[in-house]
Amino acid sequence: MHRAALDALGIDGVYEAVPVPPGGLAEALVALRASGIDGFNVTVPHKRAIISHLDATEPVATRIGAVNTVLRVGNAWMGTNTDAEGFVRGLREGGFDTKAPALILGAGGAARAVAAGLISAGAEVEVAARRDAQARELSDLGATAVRWADLESAFARARLIVQATSATLADDTAVPFVQGLPWEAAQRPACVDLVYDPSPSLFLQRAVAVGCAIQDGFPMLLHQGALAFERWTSLPAPLNAMRAALLG
Ligand code: NDP
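Figured I'd write up the structure that's included with this text. (Residues numbered from 1 in each chain as written. Predicted model: local features only at pLDDT ≥ 70, side-chain atom pairs only at ≥ 80, totals over all residues. Heavy atoms only, no water.)

## Structural notes on the overall build of the chain
Move 1: The helix and strand inventory of the chain stands at eleven helices and ten strands.
Move 2: Scaling as 2.2 N^0.38, a compact globule of 248 residues should have a C-alpha radius of gyration of about 18 Å, and the chain matches this with 18 Å.
Move 3: Principal-axis analysis of the C-alpha atoms gives the chain an extent of 55 × 35 × 35 Å.
Move 4: The proportion of buried residues among the 248 residues of the chain is 46%. (Helix = DSSP H or I, 4+ residues; strand = E, 2+ residues; numbered from the N terminus. Rg over C-alpha atoms; globule rule 2.2 N^0.38 Å. Buried < 20%, exposed > 50% of the residue type's maximum accessible area, 1.4 Å probe, protein only.)

Pasting the structure below:
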């Protein structure tokens, strides 16, 4: 996606994957600084841990507690987070109401970004996780925790349900997870699964079966990338080229 964007704008640049083992962040940052690059993305498992290695963090990343994009500002590394805004832009692009009362399933890093994005957009957000204590941790963002045992009433209230667990990545975890949800209580909310492979996930297949409009994780992936590209280059992201590269 980023290479296609660089090509589309005729920018002489590269975007490379750099594997960094857990515990290897400090060493990697020294090498990245020496390389003179303009910025980089950060992914699992480093999104939280990197914060203590950066010179500064923008308020959105501090609030979420995770950084997915780093920019070089002079000699300093500045961390930000484009997942929150990327999710909201993807939702808007799909014609969904970003202010609709929302329920987020899962309370990990992606759930925190989605909660921050939806709350900034003006939505009331409830969150439920299989460990109730993890859901309560999102209260610092302004989300209301719902006990997993009370999911039925939350399904009935929600106009948007966001699947933000990693359960739907693989069949063996997806089947019990999706079968265990109280679909009979749902009042045809819009349903989003942050997972983009497989797509449609079992969660989205079930949502369609009960009459819900759906979106997979692809728009969030595209828009968090586009926002990062815009921060690094100060140029509008060539969305069509980036979308085509992701689909290709
Ligand atoms: P985390 O590991 O931080 O959080 C995962 C969450 O899922 C936790 O709440 C975890 O609970 C819960 N969970 C895992 N397995 C199950 C299960 N079987 N039943 C119920 N809950 C479960 O991951 P992330 O938040 O970073 O990512 C979550 C998903 O979002 C991933 O699938 C990832 O691919 C996707 N994602 C998509 C993005 C996009 O651009 N579209 C961006 C970022 C993420 P517990 O802690 O108890 O295990």
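Still more to cover.
## Focus: the packing of aromatic side chains
Move 1: Counted by the stated rule, this structure contains five aromatic pairs.
Move 2: Arranged with centres 5.2 Å apart and planes meeting at 80°, the rings of Phe40 and Trp77 form a pair that is edge-to-face. Highlighted residues: Phe40 in strand S1 (residues 39–41) and Trp77 in strand S4 (residues 76–80), separated in sequence by 37 residues. For the residue pair Phe40 and Trp77, the accessibility class agrees, reading buried in each case.
Move 3: Ring centres 5.3 Å apart and planes at 50° place the aromatic pair Trp183 and Phe203 in the tilted group. You can see Trp183 sitting in the loop between helix H8 (171–179) and strand S9 (190–193) and its partner Phe203 sitting in helix H9 (residues 202–209), a full 20 residues away along the chain.
Move 4: The class of Phe203 is buried, set by a relative accessible area of 0%.
Move 5: An aromatic cluster of three or more residues is present, and its members are Phe155, Trp183 and Phe203. (Phe/Tyr/Trp six-rings, centres within 6.5 Å; stacked < 30°, edge-to-face > 60°.)

## Structural notes on the sheet that holds strand S7 (residues 144–145)
Move 1: The six strands lie next to each other as S7-S6-S5-S8-S9-S10, forming an open sheet whose pairing is parallel. In this open sheet, the two strands that pair with only one neighbour each are S7 and strand S10 (214–215). (Pairing = 2+ DSSP bridges.)

## Things to note about the sheet that holds strand S2 (residues 56–57)
Move 1: Within the open sheet, the four strands sit side by side as S1-S3-S4-S2. Their pairing is mixed. Both edges of this open sheet fall to S1 and S2, since each of them pairs with a single strand only.
Move 2: Direction of pairing for S1 relative to strand S3 (residues 69–73): antiparallel, over a ladder of three bridges. Across the sheet, the residue bridging to Gly39 is Leu71, located in S3.
Move 3: Across the face of the sheet, helix H2 (residues 25–35) comes into contact with S1 and S4 while running at roughly 115° to S4. (Contact = heavy atoms within 4.5 Å. Axes fitted to C-alpha atoms, helices over the stretch in contact; angles between N-to-C directions.)

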